[in-house]
Amino acid sequence: PNLLQHPTLKVSDAIVAESKAKRLFNQSKLLPELEVGYSNLSIIGWQSPDGITQKYYGSANRFGVFQFGVGIPIFNGSSKARLKASALDTEIAEIEKTQQWEFLNIQYAKLISRFIQQRQAAQYYEREGLKLANEMRDQATIRLKAGEISFAEWTLLVSQSLQIRIAYASAIHELQMVGSEYYYLTEKN
């Protein structure tokens, strides 16, 4: 069966992926940051570039500034703690996914066992049980008409015949329930 397509496993996969992404994010906080910047501006009017002389700058004069920086995490104890916590979250998510997988496999094994049991019961009723129920009812009716048994005994025998038919219907119903549970476990939802 294709239990890997079951929605609960897909949710578990998504939780594991999210946990791994959080872990990578927390890990990136421990790395140095590189910063690069560039600014461009115009100053219009009289300015003193050397502090003594005045010079007029128009809108055609542009000034560019480059900026470089390196950020080194010094106080990173909380980041390390978050990284350890996210590693544990990832581990927990993977364990929960494994548990979900095992649960689905156990459920599938129980389902197969129930199917075999109910199929055998239905086959018994189809081969022998329904014939026995019909014979029991027919014989009870013949014996009642012949006066060999009372109405109460006839009612008891017909009731037993009906119980066999009800048991057959119950076995068929259980087979259908097993089929729907099988569909739930194996089909893409």
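Within the structure shown, the criterion is met by seven aromatic pairs. Their ring planes at 45° and their centres at 4.8 Å tell us that tyrosine 38 and phenylalanine 66 sit as a pair that is tilted. Of this pair, tyrosine 38 sits in strand β1 (residues 33-42) while phenylalanine 66 sits in strand β4 (residues 62-71), and the two are 28 residues apart along the sequence. Residue classification places tyrosine 38 among the partly exposed residues on the basis of a relative accessible area of 49%. Aromatic pair tyrosine 124 and tyrosine 125: ring centres 5.2 Å apart, planes at 65°, arrangement edge-to-face. Looking at tyrosine 124, the relative accessible area reads 34%, which means it is partly exposed.

Once that is clear, we can look at helix α3 (residues 151-186). Here α3 contains 36 residues, and its C-alpha end-to-end distance of 52 Å stays within 8% of the 52 Å for a straight helix at 1.5 Å per residue. What α3 keeps buried is the set Val158, Ser161, Ile164, Ala171, Leu175, Val178, Leu185 and Thr186.

A few words now on the nonpolar core. Counting residues in each nonpolar core, the largest one holds seven residues, listed as Leu3, Leu9, Leu104, Tyr108, Leu111, Val178 and Leu185. Mapped onto this core, the elements with two or more residues apiece are α2 (77-146) and α3. Take this core: its biggest share by element is three residues, from α2. Contact partners of leucine 111, with chain neighbours within four places excluded, come to Val178, Glu181, Tyr182 and Leu185.

When you line up the elements, threonine 90 lands in helix α2. A polar side-chain atom of threonine 90 sits 2.7 Å from a polar atom in the side chain of serine 19. Residues contacting threonine 90, with those up to four places away along its chain left out, are Ser19, Lys20 and Arg23.

Glancing now at the pattern of salt bridges. Under the criterion given, the structure shown has seven salt bridges. One salt bridge connects glutamate 94 with lysine 20, and the closest N-O pair in it is separated by 3.6 Å. With glutamate 94 in helix α2 and lysine 20 in helix α1 (residues 7-28), this pair connects stretches of sequence that are 74 residues apart. Overall, the relative accessible area of 34% leaves glutamate 94 in the partly exposed class. Since its relative accessible area comes to 41%, lysine 20 is described here as partly exposed. We note a salt bridge from arginine 114 to glutamate 174, for which the minimum N-O separation is 3.3 Å. Placement of the pair is arginine 114 in helix α2 and glutamate 174 in helix α3, with a sequence separation of 60 residues. Using a relative accessible area of 26% as the deciding quantity, one classes arginine 114 as partly exposed.

On average, residues of the chain score 88 in pLDDT, and 98% of them reach the 70 mark or higher. Strand β2 (residues 45-47) is the least confidently modelled element of the chain, averaging 84 in pLDDT, while α3 averages 92, the highest of any element.

All right, on to the environment of isoleucine 116 then. Within the secondary structure, isoleucine 116 is located in helix α2. According to the relative accessible area criterion, isoleucine 116 is partly exposed, its value standing at 37%. Considering only alpha carbons, one finds isoleucine 116 and lysine 10, 106 residues apart in sequence, at a separation of 29 Å.

What counts and how
- Residues numbered from 1 in each chain as written.
- Predicted model: local features only at pLDDT ≥ 70, side-chain atom pairs only at ≥ 80, totals over all residues.
- Heavy atoms only, no water.
- Phe/Tyr/Trp six-rings, centres within 6.5 Å; stacked < 30°, edge-to-face > 60°.
- Helix = DSSP H or I, 4+ residues; strand = E, 2+ residues; numbered from the N terminus.
- Buried < 20%, exposed > 50% of the residue type's maximum accessible area, 1.4 Å probe, protein only.
- Expected span 1.5 Å × (residues − 1).
- Core = buried A, V, L, I, M, F, W, Y, C linked by side-chain atoms within 4.5 Å.
- Contact = heavy atoms within 4.5 Å.
- Polar contact = N/O pair within 3.5 Å; in protein donor to acceptor, adjacent residues only side chain to side chain.
- Salt bridge = Lys/Arg side-chain N within 4 Å of Asp/Glu carboxyl O.
- pLDDT = per-residue confidence, 0-100.

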